[in-house]
Amino acid sequence: MAATTENNDQRNQSARDAGRFFEIQQELSSKRRGPYRLTEDILIQPITRRQMRAIRAEQDEDKQLAIVLGEDYEAVEELFADRPVDEWLAFQEDLNAFFFGEGATELPGGSQGS
């Protein structure tokens, strides 16, 4: 049984390593920005399609931000809790620019974020 599962896993991996899906991944891997490092301990991972869908479905901006920040949400909230609000706003703008590019919020249909 284990050998069958292993063979299926190998076939599935081989199927993903061929075709346009694989080529797109290879093309983007050199251009893709890595995680956003806020502090030594807070590393915000690139946003996935699953997260983008969840963000679109969520109206509450705090919940949208929680989706983006994932497991680091509470740590980020605590980091900025007693800081001036302009630092919080600058962080949000920088994070948005990092993941979506400069001016993304100004484009029609661009991310509005929180």
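Here, every reference points to the structure presented above.
These figures come from a predicted structure and were not determined experimentally. In this convention, every chain numbers its residues from 1, walking through the sequence in written order. With the structure being a predicted model, the display of local features is reserved for residues of pLDDT at least 70 and the display and counting of side-chain atom pairs for 80 or more, all residues being used for whole-chain, interface and lining totals. Hydrogens and water are ignored here; the side-chain numbers use all heavy atoms of the structure.

Visitor: An account of the overall build of the chain is requested, with residue identities and associated values reported.
Guide: Counting secondary structure elements, the chain contains six helices and two strands. Counting from the N terminus, the helices are DSSP H or I runs at least four residues long and the strands are E runs at least two residues long. Moving toward the C terminus, one meets the helices and strands of the chain in the order α-α-β-β-α-α-α-α. Residue exposure (1.4 Å probe, protein chains only): buried if accessible area is under 20% of the type maximum, exposed if over 50%, otherwise partly exposed. Residues classed as buried in the chain amount to 19% of the 114 residues present. It only takes one pair of heavy atoms within 4.5 Å for two residues to be counted as in contact. Pairs at least 24 apart in sequence give 47% of the contacts found in the chain among residues at least 6 apart. On the chain, roughly 8,700 Å² of surface is accessible, and the fraction owed to carbon and sulfur atoms is 50%. Here the Shrake-Rupley method, with its probe set to 1.4 Å, supplies the accessible areas, and only the displayed protein chains count as covering residues.

Visitor: Outline a positive patch on the surface, supporting the account with residue identities and numerical values.
Guide: Put simply, a patch holds well-exposed residues, over 30% relative accessible area, that have no salt bridge, with like charges counted together within 9 Å and Val, Leu, Ile, Met, Phe, Trp or Tyr side chains within 5 Å. Just to be clear on terms, a salt bridge is a Lys or Arg side-chain nitrogen sitting within 4 Å of an Asp or Glu carboxyl oxygen. The charge count treats Lys and Arg as positive and Asp and Glu as negative. His and the chain ends do not count. Charged groups are reduced to one reference atom each: NZ for lysine, CZ for arginine, CG for aspartic acid, CD for glutamic acid. A surface patch of positive charge is lined by Arg 49, Arg 50, Arg 53 and Arg 56. Mapping Arg 56 onto the fold places it in helix H3 (residues 49–57). Since its relative accessible area comes to 57%, Arg 56 is described here as exposed.

Visitor: Can you explain the layout of surface pockets? Please cite residues and give values.
Guide: Think of a 1 Å grid over the protein atoms and nothing else: a 1.4 Å probe that fits but is trapped marks a cavity, an open set flanked by protein within 12 Å on at least five of seven lines marks a pocket, and residues with an atom within 4 Å of a point count as lining. Grid points are joined across faces, edges and corners, and a volume is the space filled by probe spheres set on the points. A volume near 310 Å³ is recorded for the second largest pocket. What lines the second largest pocket is Phe 21, Ile 24, Gln 25, Leu 28, Arg 32, Pro 46, Thr 48 and Arg 49. Per-element accounting of the lining of the second largest pocket gives the leading share, four residues, to helix H2 (residues 19–29). In this count, Pro and Cys sit with the nonpolar residues alongside Ala, Val, Leu, Ile, Met, Phe, Trp and Tyr, while Asp, Glu, Lys and Arg are called charged and the others, Gly among them, polar. Residue composition of the lining of the second largest pocket, by class: four nonpolar, two polar and two charged.

Visitor: Provide a residue-level description of the packing of aromatic side chains, including the pertinent values.
Guide: Centres within 6.5 Å are what make two rings of Phe, Tyr or Trp a pair, Trp counting through its six-membered ring; a difference in plane orientation under 30 degrees is then read as stacked, over 60 as edge-to-face, and the rest as tilted. Tallied over the full model, the rule gives six aromatic pairs. Taking 5.1 Å as the distance between ring centres and 25° as the angle between the ring planes, the aromatic pair formed by Phe 80 and Phe 91 counts as stacked. Here the residue Phe 80 occupies a position in helix H5 (residues 73–80), and Phe 91 occupies one in helix H6 (residues 85–100), the gap between them amounting to 11 residues. The pair Phe 80 / Phe 91 is uniform in exposure class, with both members buried. Within the aromatic cluster, the residues linked to one another by ring pairs are Tyr 36, Phe 80, Trp 88, Phe 91, Phe 98 and Phe 99.

Visitor: Lay out the packing of helix H4 (residues 61–69) against H5 in plain terms, naming residues and giving numbers.
Guide: Inter-axis angles, ranging from 0 to 180 degrees, are taken between N-to-C directions of lines fitted to C-alpha atoms, where helices are fitted over the stretch in contact. Packing of H4 against H5 leaves a shortest axis separation of 8 Å and a crossing angle of 115°. Together, Asp 62, Leu 65, Ala 66 and Leu 69 of H4 and Tyr 73, Val 76 and Glu 77 of H5 make up the contact between the two elements. Looking at the contact of H4 with H5 residue by residue, the classes come out as five nonpolar, no polar and two charged.

Visitor: Tell me about the nonpolar core, and please be specific about residues and values.
Guide: The nonpolar core is taken to be a set of buried Ala, Val, Leu, Ile, Met, Phe, Trp, Tyr and Cys residues, with the residues joined through side-chain atoms within 4.5 Å. Grouped together as the largest cluster of nonpolar side chains are 15 residues, with contacts concentrated most on Ile 44, Leu 69, Val 76, Phe 91 and Leu 95. For this core, the secondary structure elements donating two or more residues are H4, H5 and H6. Take this core: its biggest share by element is four residues, from H6. Those residues in contact with Leu 95 that lie beyond four places of it in its chain are Tyr 36, Ile 44, Val 68 and Leu 69.

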